Structures are given as C-alpha cells and as structure tokens.
Amino acid sequence: MKLQNPQPKVKGNRLQIKEINFPIPVGDSSAPWPQFRGIFVGTSVIIENMEDAALLHHQGLFGKCMFSRSWPTNEKPPVIRKRQWIRRKEWLCNIEEQNSIDNLNRTDLAENKNKKSNYSLKSKANVRNGHTFKFKNDVTHAPSLTPLNKIVVVNDSDDDCLDKDSILNNLNPTLHEEPTTIVEETVCLSLEEAFFLFYALNCLSIKHMTTNKMMSLDGFWKLCINADPKFVEKYVTYHYFRSKGWIVKSGLNFGCDFAIYKRGPLYYHASCGIKIRNINNPNKPKLSWENLMGYCRATEAAKKGFVLCEVTWPSNVTTNTCDIKDVRKFIVQHKILQRWTPP
C-alpha cells in the first residue's frame, strides 16, 4: 500500500520550488558552517534575529511565525472600516490619558515617600463623543505608541439597500498611520526542530531565558524531556522522517503527533498524519483499536493518509534514564493503515 500522491497547492504552483532542505552547506566543504542563536522559553525556542529566522524558514522550512500562517508578508496594509478607525482613536486617547495620570501619580508617590503619606489612586472618567470611559486601577500600561505602519480606512457599508456595485464604488479608501504599536513577529521552533538543529546539524546554539546562559546539549536534552514527557519518541520520529526528505510539522489539526509534507506547506498539502506507538516500554500508554480507527477516520475525512510509526525502545531504557547516546539505539518502523469497509 502506498501513500496518496501529494496534492499541490494552487498558490504554491506559482512559487519557485527550492531543492535545499537544510540551512547548511551541502557538498561544499569550503563554505563556512552557519551558527544560529535561539532562546529557550519553556515550550519552544524563539529565533529573534529575523535574518537567521528567514534563512531557517526558506532553507528547510524550520519554525513557524507567531501570528502568520507561514511567513509574514507586509506587502499590503490592513483594511478596516471607518467606525473601527474612530473607535481605535478613542481607545488610543484614553490609553494616553491613563498613562499621563499614572505618571503624575508616580511622581506624587516619589515626592511623598519621605513624608510617609498615604496615597490612593482615584479612578477617573472621561467623556468623548457621547461615550463614557472608566479607568481601573489595574490597567496594563501600553508601550510606546509610536506609529510604525500604515492602515487603509474605507467607508462603512451597513446599508442593506445598497447593492455590491454601489458599495464598491463608495468605499473611498484613505491611507493613515497606524497609531498603535505593531508587535514584531518572531519565529518559534518546536522542541523537536530545535534539537534537530542543535544535535543533528550542529548549527544552533540555545540560551536559557531565565539564566541568560548558553546551554549544553545534555542540558537542553533534559529540559526538553521535562517540558514534554513524549519528547523522546517524538524526536526519534521527527529525525526519522526528516532524514528521509519529508518536511515534518505538527499534526494537531488532524489529531495526530505529526503531519508530513512534500517540499513544505507552501507548495503541497499534507500527505498523511503520523501517530506514534511505543514498543518495549511498559511506562508508555498503549493504543487501542478504537483509537486507531478514529485516527484513520479523521485523516480520511481530511483526505490524508494515516501512518502508524512504531518506536522500539532499547532494553532497560526509560524516559527518565534515556541519554542522548541512546538515540542511535532506537528502531523506527512505519506502517500505512487504511480503514477497510467490507462490501
């Protein structure tokens, strides 16, 4: 039994498919070996340098942006309605006034600290355009509200009497500066991706977020196991399929552990979902036939294949005693399952 042929995406057909699957020089021993830097934040590794993030994404499709579906594209400004633009400016005025009030209160507290006077923050109301806004004491202070981007404002179209042509002709778009701070996107690597770059490709160095110190390979291995009890079998499976040329991503959308892509999600839809089955490890839960049938049905409804990946643990090795050297001792086999309906 073979997997279904990967279905190309319509948008991906217009993109140039690259043959490079890893962000390292392949076949050129004289080229310098790249070294990327990441920050371990507990459940993932963040790449803050956008040049490194772009190289990791475009040469291997490692990581995912925090807000965008794949890679952020800022070619077109966002479009909002006029009523949304008015309300956004009202909120901005209230935030700025609240910040000014808090700054005055901090100044008064500093002046009265030596006098040991009690100070209480009073709530204040502000009325603009017939709307009343009340401020609370626990308002989160906004960062610097410097315009960083552009935004397109169009007229409202709440009148049901107008047809589509009239609505499109009366949009009257205008370009404005975005008054709020735009949060810059960062690329997040999963624990499996980060350890693959750290251990297999040796092109990633990781710094701990709290200690601000560079981490060793053994230290990062232990932190990954503590963060995810299924990390060992998940990394072994990730390494297995990644070494075969597949782009491995999270299979949460299909109820599986992983989803594999040909060339990547930019060019093709997922070929199949992968579910891991542990063998020779009594501490791991076993899969029942009911669960397997459910996985097959879910992936079949999404027009994907289903692969059962059997990970055989070495003898006398458990999650707590597993070391990096034991990774080579694991045996991985995959089986393609399909739900069979009798005639």
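- Named according to an unreviewed UniProt entry, the protein is tRNA-splicing endonuclease subunit Sen2 originating from Cacopsylla melanoneura.
- Annotation of the protein in UniProt includes, under Sequence similarities (unreviewed entry), the sentence "Belongs to the tRNA-intron endonuclease family."

Some points on the overall build of the protein
Right, on to step 1. Secondary structure summary: the protein contains seven helices and 15 strands in total.
Right, on to step 2. For the protein, the residues scored as buried account for 37% of the 343 residues in total.
Right, on to step 3. When the accessible surface of the protein is totalled, it reaches about 22100 Å², and 52% of it is carbon and sulfur.

Some words on the UniProt feature "active site" (unreviewed entry) in the protein
Right, on to step 1. As recorded in UniProt, the feature "active site" (unreviewed entry) lies at Y261, H269 and K304. Taking the farthest pair of C-alpha atoms as the criterion, the annotated set spanning 44 residues converges on one region, since that pair is 10.8 Å apart.
Right, on to step 2. Relative to the helices and strands, Y261 is located in strand β12 (residues 258-261).
Right, on to step 3. Its relative accessible area of 12% is what places Y261 among the buried residues.
Right, on to step 4. In contact with Y261, not counting residues within four places along its chain, are W246, I247, K249, Y268, H269 and A270.
Right, on to step 5. Inspection of the secondary structure assignment puts K304 in the loop between α7 (289-301) and β14 (305-312).
Right, on to step 6. In this view, K304 contacts F254, H269, A270, S271, C272 and T299; residues no more than four positions away in its chain are not counted.
Right, on to step 7. For K304, the side chain forms a polar contact with the main-chain oxygen of A270, separated by 3.4 Å.

Things to note about the pattern of salt bridges
Right, on to step 1. If you walk through the whole model with that rule in mind, you get ten salt bridges.
Right, on to step 2. As a salt-bridge pair, R87 and E90 come within 3.3 Å of each other at their nearest N and O atoms. Residue R87 and its partner E90 are located together in helix α2 (residues 82-112), separated by three residues, close to a single helical turn.
Right, on to step 3. Residue R87 is classed as partly exposed on the basis of its relative accessible area of 35%.

Things to note about the pairing of strand β13 (residues 272-279)
Taken residue by residue, a regular strand's side chains alternate between the two faces of the sheet.
Right, on to step 1. For β13, a buried count of six out of eight residues is recorded, marking the element as mostly surrounded by other parts of the structure.
Right, on to step 2. Inspection of the sheet shows β12 paired to β13 by three bridges, in the antiparallel sense. Across the sheet, the residue bridging to I260 is C272, located in β13.
Right, on to step 3. Sheet topology places β13 next to β14; eight bridges connect them, and they run parallel.

Remarks on the packing of aromatic side chains
Right, on to step 1. Summed over all chains, the structure comprises 16 aromatic pairs.
Right, on to step 2. With centroids separated by 5.8 Å and ring planes inclined at 85 degrees, the aromatic side chains of F195 and F231 adopt a geometry described as edge-to-face. Here F195, found in helix α4 (residues 191-200), pairs with F231, found in helix α6 (residues 231-243); they are 36 residues apart in sequence, far enough to count as distant. We note that F195, like F231, is buried.
Right, on to step 3. Among the aromatic residues, those joined into a ring-pair cluster are F40, F195, F198, Y199, F220, W221, F231 and Y235.

Digging into the confidence of the model for the protein
Right, on to step 1. Across the protein, the average pLDDT comes to 77, with 72% of residues at 70 or higher.
Right, on to step 2. Across the protein, element-level confidence peaks in α4 with a mean pLDDT of 94 and bottoms out in strand β6 (residues 131-134) with 36.

Looking at α6
Right, on to step 1. An ideal rise of 1.5 Å per residue puts 18 Å on 13 residues; α6 measures up with 18 Å between its terminal C-alpha atoms.
Right, on to step 2. Three or more residues of α6 are buried, namely F231, V232, E233, K234, Y235, V236, T237, Y238, Y240, F241 and R242.

Considerations on the packing of α4 against helix α5 (residues 217-227)
Right, on to step 1. Relative to each other, α4 and α5 sit at 165 degrees, their axes nearing to 11 Å. Looking at the two axes, α4 sits roughly antiparallel to α5. Between α4 and α5 lies a crossing whose hand is left-handed. Between α4 and α5, the contacting residues are L191, A194, F195, F198 and Y199 on the first element and L217, F220, W221, C224 and A227 on the second.
Right, on to step 2. Taken together, the residues of the contact of α4 with α5 break down into ten nonpolar, no polar and no charged.

Considerations on the nonpolar core
Right, on to step 1. In this structure, I206, F220 and W221 are the most contacted members of the largest nonpolar core, which totals 49 residues.
Right, on to step 2. Ranked by the residues each element gives to this core, the list is headed by α6, at seven residues.
Right, on to step 3. Those residues in contact with F220, other than ones at most four positions away along the chain, are F40, V45, A194, F195, F198, I206 and M215.

Parameters and conventions
Residues numbered from 1 in each chain as written. Predicted model: local features only at pLDDT ≥ 70, side-chain atom pairs only at ≥ 80, totals over all residues. Heavy atoms only, no water. UniProt positions renumbered as here; feature names shortened; annotations may be inferred. Helix = DSSP H or I, 4+ residues; strand = E, 2+ residues; numbered from the N terminus. Buried < 20%, exposed > 50% of the residue type's maximum accessible area, 1.4 Å probe, protein only. Areas by Shrake-Rupley, 256 points an atom, 1.4 Å probe, with all protein chains shown as cover. Contact = heavy atoms within 4.5 Å. Polar contact = N/O pair within 3.5 Å; in protein donor to acceptor, adjacent residues only side chain to side chain. Salt bridge = Lys/Arg side-chain N within 4 Å of Asp/Glu carboxyl O. Pairing = 2+ DSSP bridges. Phe/Tyr/Trp six-rings, centres within 6.5 Å; stacked < 30°, edge-to-face > 60°. pLDDT = per-residue confidence, 0-100. Expected span 1.5 Å × (residues − 1). Axes fitted to C-alpha atoms, helices over the stretch in contact; angles between N-to-C directions. Parallel < 35°, antiparallel > 145°, perpendicular 65-115°, else oblique. Left-handed = near helix turned anticlockwise from the far one by under 90°. Nonpolar A, V, L, I, M, F, W, Y, C, P; charged D, E, K, R; others polar. Core = buried A, V, L, I, M, F, W, Y, C linked by side-chain atoms within 4.5 Å.

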